[in-house]
Amino acid sequence: MSVSDVGGAGFTRRGFLLTAGTAAAGAAVVSGTPFGAVAQAGTAGRFARPDAAVAPKFRWWWPDGNVDPAEIRREVDQIADAGFGGAEIAAVHHSIADKSVLDPAGHGWGSPAWVDAVEAALDQARRRGVTIDLTIGPAWPAAVPTITPDGPAAVKELAYGSATVAADATYDGPVPAPAIAPAATVTAQRLLLVQAARVNTANSTRKETGLDLASVQDLTGRVADGRLSWTAPSDGSWVVIAHWERGSGQTPESGPHTSPAAYVVDHFSAAGTRAVTDYWESHILTQDVRRLIRRAGATLFEDSIEIETKALQWTPDLPAEFARRKGYALAPYLPAIVQKSGNQVFAYEAALTRHVRHDFWDVVSQLFNEHHVTALKKWAHSIGLDLRAQPYGLQTDAIASAAILDVPEGESIGFKNLDDWRCLAGGRDMAGKTVLSGEIGAYNGGAYNTTWKRFLLTVGGAYAAGLNRAVIHGFSYATAPGVKWPGFAAFTPYNGTIGYSESWGPRQPTWVHAEDISGYLSRVHEVLQSGTARADVAIFRQTGYTATGIGASWFTASGVPLGWTHQFVSEPLLALPNATVSGGRFAPDGPRYKAIFVEGDFFAGSECTLTVFAAERLLRYARAGLPIVLLGDWSAPTVPGLGSDTENGRLRAVVADLVKEPKVRVVADKANVPAALADLGVAPEVTYAQSSTLLNARRHDDGVDYYYLCNGRHAESVKPPVAAIDHAVSFTRTVKDAVPYALDPWTGEAERIATYTEDGDRVTVRVALQPGQATVVALARPGRFGSGGGRTHVTSTEAAEARFADGDLVIRATAAGTYATTLSTGRIVRTTVADVPAPITPGTWQLEVESREPGASATETATVTHRLTLDALKAWPDIPELADVSGIGRYTTTVDLPASWTRAHGAYLQLGQVFDTCRVTVNGRRLPAVDQINPVVDAGPYLRRGANTIEVEVATTLNNRLRVSDPSVYGGAPRQAYGLIGPVRLVPYVQAAIAG
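### Considerations on empty space enclosed by the protein
Counted according to the given criterion, the structure contains nine cavities of 30 Å³ or more. Roughly 230 Å³ of internal volume is contained in the largest cavity. Together, 22 residues line the largest cavity, and A464, A465, G466, N696 and A697 are the ones closest to its centre. Of all elements in the fold, only α10 (418–430), α11 (452–464), β24 (532–534), β26 (566–569) and β33 (694–701) reach the threshold of two or more residues within the lining of the largest cavity.

In C-alpha cells, the structure reads:
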C-alpha cells in the first residue's frame with residue numbers, strides 16, 4: 001500500500017522500540033537509539049507514578065546538631081519537591097578541621113539541639129509524605145558518649161607481647177608488654193594469658209613465625225606481681241607470648257561529635273548493644289520523637305562495621321563462647337590468631353592454622369549476628385523502625401547478616417564488583433525480604449565534579465545484581481561555621497584538597513533536572529521491588545564474606561555474559577524456612593533457584609569443605625529433585641575449621657551418597673560446568689544470541705515477569721570499556737499467552753512490543769543499548785499495561801521499526817521505499833512510504849547561560865547571564881566567555897519543515913554529546929524526560945510544517961567555577977567539557993499502517 005495519513009496515531013510518546021532494517025527474523029529492538037519512540041498507549045499506574053516509598057533517598061549530612069530547624073524543614077521540602085523519598089540523617093563533617101567550631105557540648109550529636117532538629121525533620125517529612133532514616137550513632141561505627149574506653153560496653157581488643165627465649169635460658173622479668181601500645185584514653189588492661197611455644201621454622205611463612213602446637217605451655221600461673229620467671233626446655237628456641245585484654249579506645253569517624261567524647265561499643269556483646277539502646281531511650285527518644293518516628297520514620301541505619309585496631313578484635317566472652325560453640329578451648333590456638341597492624345604474627349602447620357582462624361572468625365560472626373544485628377533489629381522494631389545496615393567490614397558472614405536485617409545495604413565505593421551485591425541479595429531473597437539498598441555515588445576526588453551520568457553508570461550494573469534502592473551520597477546541610485561558597489559540604493575539602501562525592505541539592509545547577517533523575521530511579525526501584533526476585537543458580541559459599549570482589553567459578557566470567565544469573569548463599573541460610581525444594585526449585589517461594597553450585601572455599605585455600613549439616617541439606621535437596629553441581633575433588637572433603645576425624649568421616653559418608661544422586665554432577669574443571677548444567681537440564685531464564693555485556697535481573701509479580709536490562713560491566717575498573725550492543729534476547733514467560741512490553745523508566749510509558757517471536761515459554765526480542773544504558777521488558781497478558789493490539793504481531797520488518805499504534809500495527813521509515821513486513825500469521829505485507837525529508841543538522845544556535853557564582857555569603861549564589869550566538873556547537877571551555885562558567889545553558893535554534901509535512905510525519909531529535917543533564921522543549925512544549933545516557937527523543941508530536949523552535953536546556957556541575965573561585969582546593973581540577981556539544985540531528989520519519 002502507499003503511505004497514508006494515519007491520523008497522527010503513535011506520535012504522542014517517546015520510547016525505545018524499533019526493528020532495524022537488517023535485523024534477523026523475530027527480533028524487535030528495545031533501545032534508546034534514534035528510532036526509539038513508543039506509540040500512544042495506556043500506562044501502568046504504579047510504574048508511571050511510583051510511590052515515594054520506592055523513591056531514592058539521600059544521605060543527609062549534618063554538622064552534628066549545629067543546624068537550624070527551620071532550615072531543616074526547608075531541606076526536607078527541597079528533597080521532596082525534587083521527587084526523592086526522604087533522607088538518612090548522618091552526623092558527618094570531615095571537611096571541618098577545627099571541630100570545636102561546631103560546639104560538641106551544646107550542639108553535638110544526641111544533644112537537645114540535635115534532637116530538636118531531628119524532630120523538625122520527622123515532622124516535615126510527615127507533612128510531605130516522605131520518610132527519615134536515623135543513623136545509629138555519631139558517624140561510624142556505632143558509638144555513644146555514655147561509656148568509657150575501659151568500660152564493659154566499649155569495643156575491645158586483644159594485644160599480644162612476646163619475647164624470644166633460647167634453649168635452657170631463663171626468662172626472668174616483667175611479663176612481655178603489648179607490642180602495640182594502648183590508645184591514650186585507655187587506662188586499664190588485663191593480663192588474660194601467658195604462654196610459651198617452641199619455634200618450628202617448618203611452619204614459618206614470609207611474615208609469620210612458625211610455632212609447634214604440641215609444645216604450647218600455659219605460664220599464667222607462674223606470673224607474680226606482673227613478673228614471670230621461666231626456664232625454656234633444651235629443645236630449640238622458644239617464644240613467650242602474653243595476651244592483654246583491653247579497650248581499644250576507638251572513636252567514631254571525624255570526631256569529636258559529642259562532649260564527652262563518644263566511644264565505639266563492643267559489637268560482639270549484649271553489653272555493647274544495650275549501651276546504644278539505653279542511650280537512645282534516655283537521651284533521644286522524647287515523646288514527640290517517638291510519635292513522629294512511627295509516622296515518618298523508616299529505618300535505623302548502621303554503616304559498615306569498621307572496627308579498627310592494630311591488635312585483634314575481641315570481646316571478653318570470646319573464650320567461653322568459643323568453647324561452647326566449637327567444642328574445644330581457644331587458648332592453645334591464640335598465638336596463631338593474634339594480629340599486629342592487621343597481620344598475623346605466628347603460625348602453626350598451615351592447614352591447622354587456617355582451620356583455627358576459620359573457627360575464630362566464625363564465632364565472632366555468630367556473636368555479631370546474635371548480640372548486635374538481631375538484638376538491634378528487635379529493639380528498632382519496638383520503636384517503629386526497620387533495621388538497615390552494611391553488614392561487612394570484618395571477617396564475618398555478611399550473607400547471613402543480610403538474611404537477618406530488614407534491609408541489608410551495600411556500597412558502590414567499597415564493593416569491588418557485582419558479586420559483592422549478589423552476596424547480600426542472596427541473604428535478602430532467601431529470607432523473604434524485599435529491599436537491598438546501596439550507598440551510591442561516593443567518588444574519591446569527586447566533589448563538585450560528579451555528573452549524574454557517572455552516577456547512572458555506577459548504579460546500572462548494581463541494579464542487575466540485586467540492588468533495588470539507591471541511597472545517594474549525598475545531600476549536605478546548607479552551612480556550618482567558616483565554610484566557603486557554595487556552602488557546607490561533608491567531605492570537601494578533604495585534607496585540604498577535593499573530597500568525596502557530591503553535595504546534591506539546589507546549590508547544584510543540575511538540580512533543575514533532579515525530578516527527571518528521581519523519576520527514573522523510582523521506576524527502576526518500582527520494578528525491582530515488585531513481587532519476588534528470580535535467579536538461575538544459588539552459589540553456595542562456605543564463608544559468607546562480601547566486599548571481597550571474589551566471584552564464582554565459570555558463572556561470573558562466562559555465565560553472566562550468556563544470560564545466567566546467580567546469587568550467593570551461606571550455610572545459615574540453609575536453615576531458613578524457605579530453604580526447601582519443590583518442583584525441582586530451591587527456595588520455591590523466593591528466588592526459585594534451578595540449581596546449587598558448590599566449589600572449594602576461596603577463603604580457605606579452595607579446600608573442598610562442607611559442614612555435615614550443609615552436606616545433609618544438599619543430599620536432601622538432591623533427593624527432592626534439585627540439580628547440584630560440585631566443582632573440584634570431593635572424594636575426601638573436610639569440615640570447615642578444626643574438625644575431628646569423626647566429623648570428617650560423617651561428612652565423607654554423606655558426600656559419597658550425594659554424588660551418587662542422579663541430579664548431582666561433579667566436574668574437575670570449571671570449563672565443564674556448562675556441560676554439567678546442560679546434562680541436568682538446567683538453562684538460564686534469559687539467553688543471548690552471543691556473549692554480551694548485557695546484564696539482567698528478573699522479578700515476578702502477579703503473573704508479570706519483569707526483566708531489568710543494563711549494558712554494563714562486572715566492575716567499574718573492567719577494561720576495555722563496554723561497547724554498544726544490538727542483539728536478540730530470549731526471555732522466559734510464566735504465563736503462556738504473555739506478550740512483551742517495553743517499559744521506559746525515564747518517562748513512565750509502557751508500550752506493547754510489536755516485533756517478536758514465540759517458542760513455547762520463550763519470547764525473543766532484539767535489544768540495543770548504549771554503554772550503561774538500561775531498560776525494562778515485561779511479559780504479561782495483552783492489555784495488562786493498557787496497550788491494545790491482538791495476538792497478531794510482527795516477526796520481522798525491513799522498515800526502521802514496527803509498533804502498535806492505538807491497537808493497529810504500523811511501521812516507521814526514515815527513508816522512502818517499499819518495506820516488507822512478516823506477520824506472525826506468516827503473511828508478508830509490503831508498505832510503500834514516500835516523501836521522507838532528509839535528516840536536518842541545525843545551523844545557528846542562540847545560547848543563554850545563567851552562570852552560578854559566589855554571592856554575598858557562603859550559601860548565597862549570584863547569577864550572571866551570558867548571551868551568545870553560536871555558528872557551531874562547542875564545549876564551554878572552548879568559548880572564551882564561558883571558559884570558567886558553571887550553570888545552566890539554554891540553546892535555541894529554528895528548524896524549517898516542508899509544506900508536505902503531515903500528521904504522518906515525525907522526527908527523532910538526536911542530541912549527541914551533552915554535559916551533564918538536559919531537557920528538551922519544542923515549540924514551547926516540554927518533552928518527556930530525556931534518557932541521560934542516550935539523549936534521543938521523539939519530537940514527532942510537537943513538530944509542525946514551517947518554522948519550529950527547539951530549545952535544549954543543559955545543566956552542569958560546579959567544577960569549572962570552583963576552579964577559579966576557590967583555587968586553593970579546586971584549582972588543580974581540569975575543566976570539564978560542559979554544554980551541548982552534539983552533533984545534533986533531526987531525523988524525520990513517516991508512519992504508515994500495515995494492512996493485515
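Next comes the rest of the account.
### Points about the packing of aromatic side chains
Considering all chains together, one arrives at 40 aromatic pairs under this definition. Aromatic side chains Y706 and F785 sit 6.3 Å apart centroid to centroid with 80 degrees between the ring planes, which places their arrangement in the edge-to-face category. Here Y706, found in strand β34 (residues 704–711), pairs with F785, found in the loop between β40 (774–780) and β41 (794–797); they are 79 residues apart in sequence, far enough to count as distant. What makes Y706 buried here is its relative accessible area of 8%. Using a relative accessible area of 3% as the deciding quantity, one classes F785 as buried. One aromatic cluster is present, formed by W109, W114, Y279, W280 and W379 through successive ring pairs. In this structure, R454 packs its charged tip against the face of Y443, placed 3.8 Å from the ring centre.

### Points about the packing of helix α4 (residues 112–128) against helix α6 (residues 287–296)
Contact geometry for α4 and α6: axes closest at 9 Å, N-to-C directions at 35 degrees. Considering how the two elements wind past one another, α4 and α6 form a crossing that is left-handed. Residue-level contacts link V115, E119, L122, D123, A125 and R126 of α4 to D288, V289, L292, I293, R295 and A296 of α6. Tallied by class, residues from the contact of α4 with α6 come to seven nonpolar, no polar and five charged.

### A word on α6
For α6, every residue scored as buried is listed here: V289, L292, I293 and A296. Buried residues in α6, looked at end-on, bunch into an arc of 110 degrees, giving them a common side. Along α6, exposed side chains directed more than 90 degrees from the buried face belong to Q287, R294 and R295. Looking at the buried positions of α6, the neighbouring elements they touch are α4, β5 (131–135), α5 (270–284) and β15 (297–302).

### Quick look at the pairing of β15
Counting buried positions along β15 gives six out of six residues, so the element sits mostly inside the fold. Looking at chain direction, β5 and β15 are connected through three bridges and run parallel. Each bridged residue has a counterpart across the sheet, and for T135 the counterpart in β15 is F301.

### Points about the layout of surface pockets
There is about 1,000 Å³ of room inside the largest pocket. Taken together, 40 residues make up the lining of the largest pocket; nearest its centre are K326, H358, D362, Q366 and E571. The greatest single-element share of the lining of the largest pocket, amounting to nine residues, is contributed by helix α8 (residues 350–382). Split into classes, the residues belonging to the lining of the largest pocket amount to 17 nonpolar, 13 polar and 10 charged. In this structure, the second largest pocket occupies an estimated 640 Å³ of space. Contributing to the lining of the second largest pocket are 33 residues, with L457, T458, R713, A715 and E716 lying nearest its centre. Of all the secondary-structure elements, those providing two or more residues to the lining of the second largest pocket are α10, α11 and β50 (913–915). The residue inventory of the lining of the second largest pocket, partitioned by class, reads 15 nonpolar, 13 polar and five charged.

### Observations concerning the environment of I413
Topologically, I413 is positioned in the loop between β21 (407–411) and α10. Residue I413 is classed as partly exposed on the basis of its relative accessible area of 40%. Residues I413 and A547 lie 134 residues apart in sequence; the distance between their C-alpha atoms is 9.9 Å. Not counting chain neighbours up to four residues away, the residues in contact with I413 comprise A442, Y443, N444 and Y500.

### A word on the pattern of salt bridges
Throughout the structure, instances matching the rule amount to 52 salt bridges. A salt bridge links D133 to R388; its shortest N-O distance comes to 3.8 Å. Linking D133 in strand β5 with R388 in strand β20 (residues 386–389), this pair joins segments that are 255 residues apart in sequence. Judged by its relative accessible area of 3%, D133 is buried. What makes R388 buried here is its relative accessible area of 3%. Where E758 meets R733, a salt bridge forms, and the shortest distance between an N and an O atom there is 2.8 Å. One end of the pair, E758, is in strand β38 (residues 757–759); the other, R733, is in the loop between β35 (725–732) and β36 (739–743), with 25 residues separating them in the sequence.

### Structural notes on the sheet that holds strand β56 (residues 985–993)
Strand order in the open sheet formed by five strands is β42-β43-β56-β49-β53, with antiparallel pairing between adjacent strands. The two strands at the open ends of the sheet, each matched to only one other strand, are β42 (801–805) and β53 (936–938). Ignoring strand direction, the axes of neighbouring strands in this sheet form an average angle of 30 degrees. Inspection of the sheet shows strand β49 (residues 905–910) paired to β56 by six bridges, in the antiparallel sense. By the bridge assignment, A907 is partnered in β56 with P988.

### Some details on the sheet that holds strand β16 (residues 312–314)
Sheet architecture is open: five strands sit in the order β11-β9-β13-β7-β16, paired in antiparallel fashion. Of all strands in the sheet, those with a lone pairing partner are β11 (217–218) and β16, marking the two edges. The pairing of strand β7 (residues 156–165) with β16 spans three bridges and is antiparallel. When the sheet's bridge partners are listed, E157 is paired in β16 with Q313.

### Some thoughts on the environment of W421
Residue placement: W421 occurs in helix α10. Assessed through its relative accessible area of 4%, W421 is described here as buried. The sequence separation of W421 and V118 amounts to 303 residues, and the corresponding C-alpha distance is 31 Å. Residues in contact with W421, not counting those within four places in the same chain, are G410, E411, S412, F415, L436, S437, G438, I440, A462, A465 and L467.

### Focus on the nonpolar core
With 176 residues, the main nonpolar core has W60, W62, F360, F455 and Y708 as its most contacted residues. For this core, the element with the most residues is α8, which contributes 12 residues. Not counting residues up to four positions away in its chain, the partners in contact with F360 are L312, Q313, W314, L318, F322, L330 and I337. Ranked by size, the runner-up nonpolar core spans 54 residues in total, among them L573, A614, L619 and L651.

### Thoughts on the pairing of strand β29 (residues 595–598)
The alternating pattern of β29 places A595 and F597 and I596 and V598 on opposite faces, both of which are buried. With four bridges connecting them, strand β25 (residues 537–540) and β29 associate as parallel partners. Each bridged residue has a counterpart across the sheet, and for F540 the counterpart in β29 is V598. In this structure, β29 lies alongside strand β30 (residues 628–631), joined through three bridges in parallel fashion. Along β30, the bridge assignment pairs F597 with V629. With respect to chirality, the unit in which β29 leads through helix α14 (residues 612–623) into the neighbouring parallel β30 is right-handed.

### A look at unusual backbone geometry
For the peptide bond that leads from S259 to P260, omega is 5 degrees, which places it in the cis range. Position of P260 relative to the elements: it lies in the loop between β13 (238–247) and β14 (263–264). Cis geometry marks the peptide bond from T492 to P493; its omega dihedral reads 0 degrees. Structurally, P493 can be placed in the loop between β23 (469–476) and α12 (514–528).

Reading the values: rules and limits
Residues numbered from 1 in each chain as written. Predicted model: local features only at pLDDT ≥ 70, side-chain atom pairs only at ≥ 80, totals over all residues. Heavy atoms only, no water. 1 Å grid on protein atoms, 1.4 Å probe; cavity = no way out; pocket = protein on both sides within 12 Å on 5 of 7 lines; lining within 4 Å. Points joined across faces, edges and corners; volume = space filled by probe spheres on them. Helix = DSSP H or I, 4+ residues; strand = E, 2+ residues; numbered from the N terminus. Phe/Tyr/Trp six-rings, centres within 6.5 Å; stacked < 30°, edge-to-face > 60°. Buried < 20%, exposed > 50% of the residue type's maximum accessible area, 1.4 Å probe, protein only. Lys NZ or Arg CZ within 6 Å of the ring centre and 35° of its normal. Axes fitted to C-alpha atoms, helices over the stretch in contact; angles between N-to-C directions. Left-handed = near helix turned anticlockwise from the far one by under 90°. Contact = heavy atoms within 4.5 Å. Nonpolar A, V, L, I, M, F, W, Y, C, P; charged D, E, K, R; others polar. Arc of directions from axis to C-beta. Pairing = 2+ DSSP bridges. Salt bridge = Lys/Arg side-chain N within 4 Å of Asp/Glu carboxyl O. Core = buried A, V, L, I, M, F, W, Y, C linked by side-chain atoms within 4.5 Å. Right-handed = clockwise from strand over helix to strand, strands pointing away.

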